[in-house]
Amino acid sequence: STTHSTPISFTPSPDTSILLLVTSQQDRFRQWNTELEEELHKHHHTISELHTEVKSLQSDNLKLYKKVRYMQSYREQSSISQLDPPPPSSSSDKLGKWCTRYEETMNLFEAFHGREAMRAYEALNPVEQGAIGNW
């Protein structure tokens, strides 16, 4: 007897088509998530670079303000000529933020200098302290 075999035909059932749909959607979401994570990493790197640049610029501004203060004090000590008038008051208004920061750093240094001078004075013997005078 001869056996007659018929090929088994695959007909997609509703369950397998839904599975394919969900799997492809999951793959798309994974790809999208990977892209978003890469973009987030780039943004974090950019933010970090910008924070570093801001700190550098603030430091540069403070240094420039110190130079401005030096030039202003030099100008005040020397006679002011008509060819070199003092800067207008509007520029000093713009420098107010840097003036505050400059004063804060100067106060720290002055306080440290005062503490060090007092420590050195107290380390002297009473005769040396009397020769220097009272603080």
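Values in this document were obtained by computation on a predicted structure and should not be read as measured data.

(A) Spatial organisation of the environment of Leu124. With respect to the helices, strands and loops of the structure, Leu124 is situated in the loop between α3 (96-123) and α4 (126-132). Using a relative accessible area of 26% as the deciding quantity, one classes Leu124 as partly exposed. Beyond its immediate sequence surroundings of up to four residues, Leu124 is in contact with Gln129 and Ile132.

(B) Here's a closer look at the packing of aromatic side chains. Under the counting rule described, the total for this entry stands at one aromatic pair. Here the aromatic rings of Phe29 and Trp32 are separated by 6.3 Å at their centres, their planes lie at 40 degrees, and the arrangement is tilted. Of this pair, Phe29 and Trp32 both sit in helix α1 (residues 14-77), three residues apart, which is roughly one turn of that helix. Assessed through its relative accessible area of 47%, Phe29 is described here as partly exposed.

(C) Spotlight on a nonpolar patch on the surface. Together, Phe29, Trp32 and Leu36 give the surface a local cluster of nonpolar side chains, amounting to about 330 Å² of exposed area. Topologically, Leu36 is positioned in helix α1.

(D) Structural view of a negative patch on the surface. Together, Glu35, Glu37, Glu38 and Glu39 give the surface a local cluster of negative charge. Tracing the backbone shows Glu35 in helix α1.

(E) Region of the structure containing the pattern of salt bridges. The final tally for this structure, using the stated rule, is two salt bridges. Put simply, Arg30 and Asp27 hold a salt bridge, and the shortest N to O gap is 4.0 Å. Placement of the pair is Arg30 and Asp27 together in helix α1, with a separation of three residues, close to one helical turn. Residues Glu116 and Arg119 are paired through a salt bridge, measuring 3.0 Å at the closest nitrogen-oxygen approach. Here Arg119 and Glu116 lie together in helix α3, a separation of three residues that amounts to about one turn. Residue classification places Arg119 among the exposed positions, given a relative accessible area of 51%.

About the thresholds
Residues numbered from 1 in each chain as written. Predicted model: local features only at pLDDT ≥ 70, side-chain atom pairs only at ≥ 80, totals over all residues. Heavy atoms only, no water. Helix = DSSP H or I, 4+ residues; strand = E, 2+ residues; numbered from the N terminus. Buried < 20%, exposed > 50% of the residue type's maximum accessible area, 1.4 Å probe, protein only. Contact = heavy atoms within 4.5 Å. Phe/Tyr/Trp six-rings, centres within 6.5 Å; stacked < 30°, edge-to-face > 60°. Patch = residues over 30% accessible without salt bridge, like charges linked within 9 Å, V, L, I, M, F, W, Y side chains within 5 Å. Areas by Shrake-Rupley, 256 points an atom, 1.4 Å probe, with all protein chains shown as cover. Salt bridge = Lys/Arg side-chain N within 4 Å of Asp/Glu carboxyl O. Lys, Arg positive; Asp, Glu negative; His and termini not counted. Charge placed at Lys NZ, Arg CZ, Asp CG, Glu CD.

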